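Examination of the molecular architecture
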Amino acid sequence: MIYDIEIAKHIAKSLLQINAIILEPEKPFKWASGWNSPIYCDNRKTLGYPEIRNYIRQGLSAIIKKHFQGSNIVAGVATAGIPHGVLVAEELGLPFIYVRSSVKKHGKKNQIEGHFNVNQSVVLVEDLISSGKSSLDTVNILREANLSVNGVISIFNYGFETAKKNFTHSNCEYFSLCDYEVLLSEAIKSQYINSSDMQILQDWQKNPSNWKK
């Protein structure tokens, strides 16, 4: 769910202004999951805009202060969750760790990098949430390391029903600064998309796994 509607609108406008949202309905993007998508959200672009980057840092930090009080460590998902996770940890004066997608093949062969103690309460930072699978895989890695995961926070989520079900099944709470519905609303207002684009994007969200399969 989104944290605050006004913050969501501001984030949506910002993403559109810096072209972090790319639409290609005729040449869809292929996700790692195998899904085809007419839209691509590149939140890494926000790092190049200090004002937007700081707004995101403050927004994510506010979620933790309100909903995940008592968290004593911030974790980031490699790689896109790392920079924003570091910024949030700095804002809150908390330690930071990050989780690799797979175990390191050399050295200490870590999958979780950084110092932590068992039973610490952690909040996981993602750049975006689609199906929720990769986020929850990371949650499970943290839990297996005997860390208590308070929840997941992200800049953006696509609002898929499958994500809601996956997070509920994993007993994990999550919040985002912006979601797909708000993004489309702001995109149509700014004429970033037209009515035919809107229909394509809405149809895709309803059944992303089979869209142009």
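Quick note: structure is the one above.
The text that follows walks through the structure, step by step, so that each part is easy to find. (Residues numbered from 1 in each chain as written. Predicted model: local features only at pLDDT ≥ 70, side-chain atom pairs only at ≥ 80, totals over all residues. Heavy atoms only, no water.)

1. Concerning the nonpolar core
Selection criterion: By convention a nonpolar core is built from buried Ala, Val, Leu, Ile, Met, Phe, Trp, Tyr and Cys residues, the set being connected through side-chain atoms within 4.5 Å. Working definition: with a 1.4 Å probe on protein chains only, accessible area under 20% of the residue-type maximum means buried, over 50% means exposed, and in between means partly exposed. When checking whether two residues touch, look at their non-hydrogen atoms; a contact exists if any pair is within 4.5 Å.
In this structure, L60, L142 and Y158 are the most contacted members of the largest nonpolar core, which totals 64 residues. Excluding residues within four positions of it along the chain, L60 makes contact with H84, V88, V125, I153, S154, I155 and L177.

2. Examining the packing of aromatic side chains
Spelled out, the test is: What counts as a ring pair is set by centres within 6.5 Å for rings of Phe, Tyr and Trp (its six-membered ring), and what kind of pair is set by the plane angle: stacked under 30 degrees, edge-to-face over 60, tilted for all other angles.
One pass over the full model with this rule turns up 14 aromatic pairs. Geometrically, the ring pair formed by F156 and Y158 is edge-to-face, given 5.1 Å between the ring centres and 85° between the ring planes. Their ring planes at 25° and their centres at 4.1 Å tell us that F167 and Y174 sit as a pair that is stacked. As far as burial versus exposure is concerned, F167 and Y174 are alike and both buried.

3. Considerations on the layout of surface pockets
Selection criterion: Buried and open spaces are told apart on a 1 Å grid over the protein atoms alone, a cavity being a set of points where a 1.4 Å probe fits but cannot get out and a pocket being an open set with protein on both sides within 12 Å along at least five of seven lines. Residues with an atom within 4 Å of a point are the lining residues. Grid points are joined across faces, edges and corners, and a volume is the space filled by probe spheres set on the points. Strands here are runs of E lasting at least two residues and helices are runs of H or I lasting at least four, both read from the DSSP assignment and numbered beginning at the N terminus. Gly is put with the polar residues, along with every residue not named as nonpolar or charged; the nonpolar set is Ala, Val, Leu, Ile, Met, Phe, Trp, Tyr, Cys and Pro, and the charged set is Asp, Glu, Lys and Arg.
By volume, the largest pocket amounts to about 790 Å³. A32, D127, L128, S130 and S134 are the residues nearest the centre of the largest pocket, which is lined by 31 residues in total. Looking at the lining of the largest pocket, the elements that each hand over two or more residues are strand 4 (39-41), strand 8 (121-129) and helix 4 (133-144). Counting residues per element, the lining of the largest pocket draws most heavily on helix 4, which supplies six residues. Across the lining of the largest pocket, the residue classes break down as 13 nonpolar, eleven polar and seven charged.

Limitation: the analysis is restricted to geometry and does not speak to function.
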